[in-house]
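Letter by letter, the chains look like this.
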Amino acid sequence: MLVTTSETDKKRRPKKPGMINGGFYPKKDDWPAQYPSVVIAVDDINTSMKNVEAAGGKVLGEPMEIPGYGLYVSFFDTEGNRVSMMQPNEKWKEKAK
C-alpha cells in the first residue's frame, strides 16, 4: 500500500521539496524489523541527535547520506518506538524557500 504526503511527478518523486512518500509491505517471517517508519525533517541532525539522547531516547548509529536528499538516522524514542530523522540537503532547502 502506497502512502503519500505530496503529489508526485512522472518519475513518482515528490513535487514539493522536503516531502517524502513511502509504503507498507506484506510481512515476511524471515525479514527483521517490519513496522511502519516515521521520518521527521530536521534543520540540524547533530543537534537533533543530542536532543533525542538528552530526552531519554537512543540514537541508532551515525547519520548516513541518502544521495539527492540529505542525512538520515534512526532512533528509539522514550517509549521504544523506532523513528527516523532527516536533514534535507541544501538543494531541498533552496527549493523550499
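Residues numbered from 1 in each chain as written. Predicted model: local features only at pLDDT ≥ 70, side-chain atom pairs only at ≥ 80, totals over all residues. Heavy atoms only, no water.

On to the confidence of the model for the protein chain, then. Low pLDDT marks regions whose predicted coordinates should not be analysed in detail. Scored by pLDDT, the protein chain has a mean of 82; 78% of the residues are at 70 or more. Within the protein chain, helix α2 (residues 90-96) has the poorest average pLDDT of any element, 59, and helix α1 (residues 45-54) the best, 97. (pLDDT = per-residue confidence, 0-100. Helix = DSSP H or I, 4+ residues; strand = E, 2+ residues; numbered from the N terminus.)

Looking now at the pairing of strand β6 (residues 82-88). Burial within β6 is extensive, with six of its seven residues counted as buried. Remark: five residues form the turn of the hairpin made by strand β5 (residues 70-76) and β6, two consecutive strands paired antiparallel; Gly80 in that turn has positive phi of roughly 90°. (Buried < 20%, exposed > 50% of the residue type's maximum accessible area, 1.4 Å probe, protein only. Pairing = 2+ DSSP bridges.)

Another aspect to go through is the side chain of Ser74. By secondary structure assignment, the location of Ser74 is in strand β5. Overall, Ser74 belongs to the buried group, its relative accessible area being 5%. Within the local environment of Ser74, its side chain forms a polar contact with the side chain of Tyr72, the two groups lying 3.4 Å apart. Sequence-distant contacts of Ser74, defined by excluding residues within four places in its chain, comprise Val59, Leu60, Arg82, Val83 and Ser84. (Polar contact = N/O pair within 3.5 Å; in protein donor to acceptor, adjacent residues only side chain to side chain. Contact = heavy atoms within 4.5 Å.)

We now examine the side chain of Ser84. Note on placement: Ser84 falls in strand β6. Within the local environment of Ser84, its side chain forms a polar contact with the side chain of Tyr72, the two groups lying 2.8 Å apart. Among the polar contacts made by the side chain of Ser84, one reaches the side chain of Ser74 at a distance of 2.8 Å. Setting aside anything within four residues of it in sequence, one finds Ser84 in contact with Ser37, Val38, Val39, Ile40, Tyr72, Val73, Ser74 and Phe75.

To continue, consider α1. Given 3.6 residues per helical turn, the α-helix brings residues three or four places apart onto the same face. By the burial criterion, the buried members of α1 are Ile45, Ser48, Met49 and Val52. The buried residues of α1 occupy an angular sector of 105° when the element is viewed end-on, so they sit on one face. Projecting away from the buried face of α1 at angles above 90 degrees are the exposed residues Lys50 and Ala54. For α1, the elements touching its buried residues are β4 (58-66), β5 and β6. Looking at where α1 begins, the residue whose side-chain oxygen comes 3.0 Å from the main-chain nitrogen of Asn46 is Asp44. In the stretch just after α1, Gly56 is the one whose phi turns positive, near 105°. (Arc of directions from axis to C-beta.)

Counting nine residues, the largest nonpolar core consists of Val42, Ile45, Met49, Val52, Val59, Val73, Phe75, Val83 and Met85. Here this core gets three residues from one element, more than from any other, and that element is α1. In this view, Val42 contacts Ser48, Met85, Met86, Gln87 and Pro88; residues no more than four positions away in its chain are not counted. (Core = buried A, V, L, I, M, F, W, Y, C linked by side-chain atoms within 4.5 Å.)

Let's shift gears to the sheet that holds β5. The mixed open sheet is built from four strands, whose spatial order is β3-β6-β5-β4. The strands lining the two open edges of the sheet, one partner per strand, are β3 (39-41) and β4. This sheet shows a mean twist of 25° between the axes of neighbouring strands, independent of strand direction. Bridge count between β4 and β5: six bridges; the pairing is antiparallel. For Leu60, the partnering residue across the bridge sits in β5 and is Ser74. Across the face of the sheet, α1 comes into contact with β4, β5 and β6 while running at roughly 165° to β4. (Axes fitted to C-alpha atoms, helices over the stretch in contact; angles between N-to-C directions.)

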